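Chains, contacts and geometry: an overview
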Amino acid sequence: HKDGDLSKAEDFYSRGINSVPSSERSGCWAKPLLLCYSNRAATRMSLGRIREALEDCMMATALDPSFMKVQMRTAK
């Protein structure tokens, strides 16, 4: 993301999210998923895809409602 290749960054965050089976999306997988959703939201915001970014923010919030960074992104 910070290198400016937003499409590539979005793809990698999506791969990270999709690599975790839905049956294992808690416990030790919650933090990496949270970060992938949050970072993909930031990337999608930069691409002007606000609705998709909001969906990612909501998924991250479901994983950890106290994660302040994703709450800030949701507010934006």
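Scope of this entry: the structure provided in the associated data block. All of these numbers come straight from a predicted model, not from anything done at the bench. (Residues numbered from 1 in each chain as written. Predicted model: local features only at pLDDT ≥ 70, side-chain atom pairs only at ≥ 80, totals over all residues. Heavy atoms only, no water.)

1. A few points about the side chain of Arg44
Stated precisely, the cut-off is as follows: Under the scheme used here, helices are H or I runs from DSSP no shorter than 4 residues and strands are E runs no shorter than 2 residues, and both carry numbers assigned from the N terminus. Under the scheme applied here, a residue whose accessible area is under 20% of the maximum for its type counts as buried, over 50% as exposed, and between as partly exposed, the area being computed with a 1.4 Å probe on protein chains only. Between N or O atoms, a polar contact is any pair within 3.5 Å; within protein, one atom must be a potential hydrogen donor and the other a potential acceptor, and residues adjacent in sequence are included only when both atoms are from side chains. Two residues qualify as a contact provided that any one of their heavy atoms is within 4.5 Å of a heavy atom in the partner residue.
The residue Arg44 is located in helix α2 (residues 30-46) in this model. Judged by relative accessible area, Arg44 falls into the buried class, the value being 10%. Within polar-contact distance, the side chain of Arg44 engages the side chain of Asp56 at 3.2 Å. Not counting chain neighbours up to four residues away, the residues in contact with Arg44 comprise Glu10, Ser14, Arg49, Glu52, Ala53 and Asp56.

2. Observations concerning the environment of Gly16
When you line up the elements, Gly16 lands in helix α1 (residues 6-18). Considering only alpha carbons, one finds Gly16 and Cys36, 20 residues apart in sequence, at a separation of 6.6 Å.

3. A look at the state of the cysteines
Stated formally: Disulfide: a pair of cysteine sulfur atoms within 2.5 Å of each other.
With the rule as written, the count across this model stands at 0 disulfides. Cysteine Cys28 shares no disulfide, and the gap to the nearest cysteine sulfur, in Cys36, comes to 14 Å.

4. Considerations on the nonpolar core
This is how it is decided: We define a nonpolar core as any set of buried Ala, Val, Leu, Ile, Met, Phe, Trp, Tyr and Cys residues linked to one another through side-chain atoms lying within 4.5 Å.
Within the largest apolar cluster, 12 residues are counted, these being Ile17, Val20, Leu33, Leu34, Cys36, Tyr37, Ala41, Ala53, Cys57, Ala60, Phe67 and Val70. With 5 residues, α2 is the largest single contributor of residues to this core. Dropping the residues within four chain positions of it, Ala60 is found in contact with Leu34, Tyr37, Ser38 and Val70.

5. Quick notes on helix α3 (residues 50-63)
Filter applied, for reference: A helix is expected to span 1.5 Å multiplied by its residue count minus one. To obtain the arc, one takes the directions from the helix axis to the C-beta atoms.
The end-to-end C-alpha distance of α3, which contains 14 residues, comes to 20 Å, matching closely the 20 Å that a straight helix rising 1.5 Å per residue would cover. Of the positions making up α3, those classed as buried are Ala53, Asp56, Cys57 and Ala60. Buried residues of α3, seen end-on, are gathered within an arc of 105° and therefore sit on one face of the element. Residues of α3 that are exposed and angled more than 90 degrees away from the buried face: Arg51, Glu55 and Ala62. Each element contacted by the buried residues of α3 is listed here: α2 and α4 (68-75).

So yeah, pure geometry; function would need other evidence.
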